[in-house]
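Examining the three-dimensional arrangement
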Amino acid sequence: TALRASEAKFSGILGIAADAIISVDHEHHIVHFNRGAEEIFGYKTGDAIGRHLNVLIPARFRSGHDAHMEAFARSPTTARRMGERREIFGLRADGSEFPAEASISKLVLPDGILFTVVLRDITDRKRAEEDERFLVAASTELAQSLDFDAATQIVADLPISRLADACLVDIVMPGDTLRRVISTRQRPELTLALRALAEHPLTWDSPSPIIDSIRRKRRELVTTIDDDWLEANEDPAMIPHWRALGARALLTLPLVA
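First, a word on scope: everything that follows refers to the structure included in this document. All values derive from a computational prediction rather than experimental measurement. (Residues numbered from 1 in each chain as written. Predicted model: local features only at pLDDT ≥ 70, side-chain atom pairs only at ≥ 80, totals over all residues. Heavy atoms only, no water.)

1. Details of the packing of aromatic side chains
Ring pairs (aromatic) are described by centroid distance and by the angle formed between their planes. In the structure shown here, the tally under the stated rule is 4 aromatic pairs. With 6.4 Å between their ring centres and 45° between their planes, Phe33 and Phe41 make a pair best called tilted. Their ring planes at 65° and their centres at 5.4 Å tell us that Phe41 and Phe98 sit as a pair that is edge-to-face. Remark: Phe98 occurs in strand β5 (residues 97-109) and Phe41 occurs in helix α2 (residues 35-41); sequence separation between them is 57 residues. Residue Phe41 is classed as buried on the basis of its relative accessible area of 2%. (Phe/Tyr/Trp six-rings, centres within 6.5 Å; stacked < 30°, edge-to-face > 60°. Helix = DSSP H or I, 4+ residues; strand = E, 2+ residues; numbered from the N terminus. Buried < 20%, exposed > 50% of the residue type's maximum accessible area, 1.4 Å probe, protein only.)

2. Let's talk about the side chain of Glu234
Assignment of secondary structure puts Glu234 in the loop between α9 (227-233) and α10 (239-245). For Glu234, which is buried and forms no salt bridge, the nearest opposite charge comes from Arg180, at a distance of 6.1 Å. Here Trp242 takes part through its side chain, which lies 3.3 Å from a polar atom of the side chain of Glu234. (Lys, Arg positive; Asp, Glu negative; His and termini not counted. Salt bridge = Lys/Arg side-chain N within 4 Å of Asp/Glu carboxyl O. Polar contact = N/O pair within 3.5 Å; in protein donor to acceptor, adjacent residues only side chain to side chain.)

3. Things to note about the layout of surface pockets
Its boundaries defined by the atoms lining it, the largest pocket holds a volume of some 1600 Å³. Lining the largest pocket are 43 residues, and of these Cys167, Leu168, Val169, Leu253 and Leu255 sit closest to its centre. At the level of elements, α5 (123-142), α6 (148-157), β7 (168-172), α7 (188-198), α8 (209-216), α10 and β10 (250-252) are the ones that each hand at least two residues to the lining of the largest pocket. In terms of residue count, β7 provides more of the lining of the largest pocket than any other element does, 5 residues in total. Estimates place the volume of the second largest pocket at around 500 Å³. (1 Å grid on protein atoms, 1.4 Å probe; cavity = no way out; pocket = protein on both sides within 12 Å on 5 of 7 lines; lining within 4 Å. Points joined across faces, edges and corners; volume = space filled by probe spheres on them.)

4. With respect to unusual backbone geometry
Of the consecutive residues Ile160 and Ser161, the connecting peptide bond is found in the cis state with omega at -5°. Tracing the backbone shows Ser161 in the loop between α6 and β7. Phi at His28 is positive, roughly 70°, even though this residue is not glycine. With respect to the helices and strands, the residue His28 is situated in the loop between β1 (20-24) and β2 (30-33). For His28, a relative accessible area of 6% puts it in the buried group.

5. Observations concerning a nonpolar patch on the surface
Taken together, the side chains of Leu221, Leu251, Leu253 and Leu255 present a nonpolar region at the surface, about 440 Å² in accessible area. You can see Leu221 is positioned in strand β9 (residues 220-222). The class of Leu221 is exposed, set by a relative accessible area of 58%. (Patch = residues over 30% accessible without salt bridge, like charges linked within 9 Å, V, L, I, M, F, W, Y side chains within 5 Å. Areas by Shrake-Rupley, 256 points an atom, 1.4 Å probe, with all protein chains shown as cover.)

Shown next, in the form of C-alpha cells:
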C-alpha cells in the first residue's frame, strides 16, 4: 500500500510538471507523456502513447537523433544534457517547430532500456534574446549618421528581415508634402514592386489607410490582405504593384520625432 501510494504521488508530480517529461522504450516508442508534453507539443497523451519519438522531432534531425540515442544507450553515462553541440528543436502536432532545451536519462531494465527526456520550450527566451540583439544593432546603425537621408534609409532597412519582408517609409516633409522611401535589404524579387510603389507617393487625398494612420498617429495592423481589402483601401492604379509585392499582412506604424 505504501509503495502504491508513493508511486501515485510520484506519477502525480510528473503529470503536472510544466516541462515535457517523455519516456520511450528501447525501440523509441513513447510510453509516458505528461501534461506538460501535451501543452508543449499539442498531442493528447492517448494519441502520443505508442508512437515513435520521431513524431516530436523535425524530419531533418531524425537520423542524427537516432544515432545520438544509440550512442547514449551504449555509453556508461546515465544522464546528460542534450544540445551541447547544436541547438535542438521540437515539432508540434500542427507542424510548427520550436527551440528547446532538454536532458535525457536512461534506466536499464530486464526487458530493455527506458529513456526519459525532460524538455522545455524556450521560444520566449529566444525571442527576447533576438529582440535585444535587434535593438542593439538598431541603435548602432542609427548612431552612424545624423544625415536626414541616411537616417531615413536606415529606418526603412531596419525591419528587414527581423520584422518584415519589405518596408515603406512615408515622410511628412516641410510644406506638408509626402515623400516615400523604400527598404533596400529585401529579397531581390520584391524590389521592382517596391520601386513601382515609391514612384507614386501618397497624397493627403489617397484612399490608403496609411494616410489615416499618419493623421491619427495610431498604429494599424491588417492581418489579411486580399483583393477585397485592396479594392476597398488602395488607389486602383497601385493595386497591381501591391499584388506583385505579394503582401499578405501590413503593419502601419507612425513614427514621430
